Protein chains: 2
Amino acid sequence: MMKRKLLAAIVATSAASLFMLEAAAQAKPEVLVKQRKAAMTLQGKYLGPMGAMAQGKIPYNASVVQRNAGFLEALSKMPWDGFDPSTKGEKSAALPAVWDKPDEFKKAAERFENEAAKLAQVSKGGDEAAVKAQIGATAKSCGGCHETFREKQ
Amino acid sequence: MMKRKLLAAIVATSAASLFMLEAAAQAKPEVLVKQRKAAMTLQGKYLGPMGAMAQGKIPYNASVVQRNAGFLEALSKMPWDGFDPSTKGEKSAALPAVWDKPDEFKKAAERFENEAAKLAQVSKGGDEAAVKAQIGATAKSCGGCHETFREKQ
């Protein structure tokens, strides 16, 4: 009896896992591309003004930086599941390297996530020079990934 | 001498404020629309699976809900500055009511922000029924705003 219950539980769990995979796979390639582009668009929205502040093009505003950096940290985690192999044929600036060099792509993505998380952390302190330096490091990690994995714009 | 310094500081501050306004105004209407649509797209990405879980269409996964709810809380704050009056003429599903009833629009936006923040909070606990109820309340606050302020889809 216990064995049957255990078996039933295993079957149910497997079925649930399959269902989850199916649910994840249900997102159409064009939807995945739209979503990952949306994440990149918003990364630009919030990094842009911080970059301008770091370069002295607009006045530094600590509370704007703190808000933007918090948003950017969340956004830095959002694009990656959108680079599903099913999206290879979709119109996008993603280069084949995304799927040909998945480990490098993953590393580049994580580098950006880490820099964005560090920026969110540093922005909570009052050290303007440190914040500006970290804005630069974060922007560099965007560019580092785009260089190899995105068409020249 | 002190007075002159004070005056200089006031002038500098005013100039900085104008500069900030100018910098904010620099975002072109089509960019603002693209950014606010991006925020809505991502809200859909992360609310969608939670809605399916609340309705029992896919299995409940507490850690996915917690991650999605955290993302949604951040995303709930992102669209609103994109509804600048300069965007009235852009192609979008936004109805004139957005600008004709700004107070109502603001209230509807805040209702969604509050529900999303509450969901992020509740999702950190282990009460599945409470989480599912709050997913419903959050989805309802999306619909409540869309009813009045977005074209029927």
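This structure is a prediction, so every number in the text was calculated from the model and none was measured.

K.L.:
Any chance you could explain helix α6 (residues 128-149) of chain B here in plain terms?
P.N.:
Helical periodicity: at 3.6 residues per turn, an α-helix aligns residues three or four positions apart in one direction. Across its 22 residues, α6 of chain B extends 32 Å between first and last C-alpha, which sits within 8% of the 32 Å expected from 1.5 Å per residue. In this structure, the buried side of α6 of chain B is in contact with α2 (29-54), α3 (62-75), α4 (97-100) and α5 (102-123) of chain B.

K.L.:
For this particular structure, what's the right way to read the relation of the copies chain A and chain B?
P.N.:
Mapping between the two copies of the chain is achieved by a rotation about an axis and a shift along the axis. Rotating chain A by 180 degrees and translating it 0.0 Å along the rotation axis places it on chain B, where the RMSD comes to 0.0 Å. Here the two chains are linked by the operation of a two-fold rotation axis. The rotation axis passes nearest to the C-alpha of A38 of chain A in chain A, at a distance of 2.2 Å. Looking at the interface residues of chain A, 100% of them are also at the interface in chain B, so both copies use one shared face.

K.L.:
Please clarify how the interface of chain A and chain B should be interpreted in this entry.
P.N.:
Often the size quoted for an interface is simply the accessible area lost on bringing the parts together. Listed as interface residues are 22 residues of chain A and, on the opposing side, 22 residues of chain B. Buried surface at the junction of chain A and chain B, summed over both partners, amounts to about 2100 Å²; 76% is from carbon and sulfur atoms. Joining chain A to chain B, the criterion identifies 2 salt bridges. Note that K45 of chain A and D81 of chain B form a salt bridge whose closest N and O atoms lie 2.7 Å from each other. There are 4 residue pairs in polar contact (both at pLDDT 80 or more) connecting chain A and chain B. Elements represented by at least two residues in the side of chain A that touches chain B include exactly α1 (2-25), α2 (29-54) and α3 (62-75) of chain A. For the side of chain A that touches chain B, the leading source of residues is α2 of chain A, giving 8 residues. A class-by-class count of the residues in the side of chain A that touches chain B yields 14 nonpolar, 3 polar and 5 charged.

Rules of the game
Throughout this description, residue numbers start from 1 for each chain and increase along the sequence as written. Lettering of chains starts at A and numbering of ligands starts at 1, both following the order in which they are written. For a predicted model such as this one, the threshold for reporting local features is a pLDDT of at least 70, and the threshold for listing and counting side-chain atom pairs is 80 or more; totals across whole chains, interfaces and linings nevertheless cover every residue. Neither water nor hydrogens contribute to the side-chain values; these are computed over all heavy atoms in the structure. Under the DSSP-based scheme used, a helix requires at least four consecutive residues in state H or I and a strand at least two consecutive residues in state E, with every element numbered from the N terminus. Each residue after the first adds 1.5 Å to the expected span of a helix. Throughout, a contact is declared for two residues whenever any of their heavy atoms are within 4.5 Å. Superposition of the copies was done by least squares, using only C-alpha atoms of residues whose pLDDT is at least 70 in both. When two components associate, each loses some accessible surface as probed by a 1.4 Å sphere; the sum of these losses over both components is called the buried area. One speaks of a salt bridge when a side-chain nitrogen belonging to Lys or Arg is within 4 Å of a carboxyl oxygen belonging to Asp or Glu. Polar contact criterion, stated in full: a pair of N or O atoms within 3.5 Å, where within protein one must be able to donate a hydrogen and the other to accept it, and residues adjacent in sequence count only if both atoms are side-chain atoms. Side-chain classes follow a simple rule in which Ala, Val, Leu, Ile, Met, Phe, Trp, Tyr, Cys and Pro form the nonpolar group, Asp, Glu, Lys and Arg form the charged group, and the remainder, Gly included, forms the polar group.

So, to be careful, I would describe these as geometric facts and stop short of saying anything about function.
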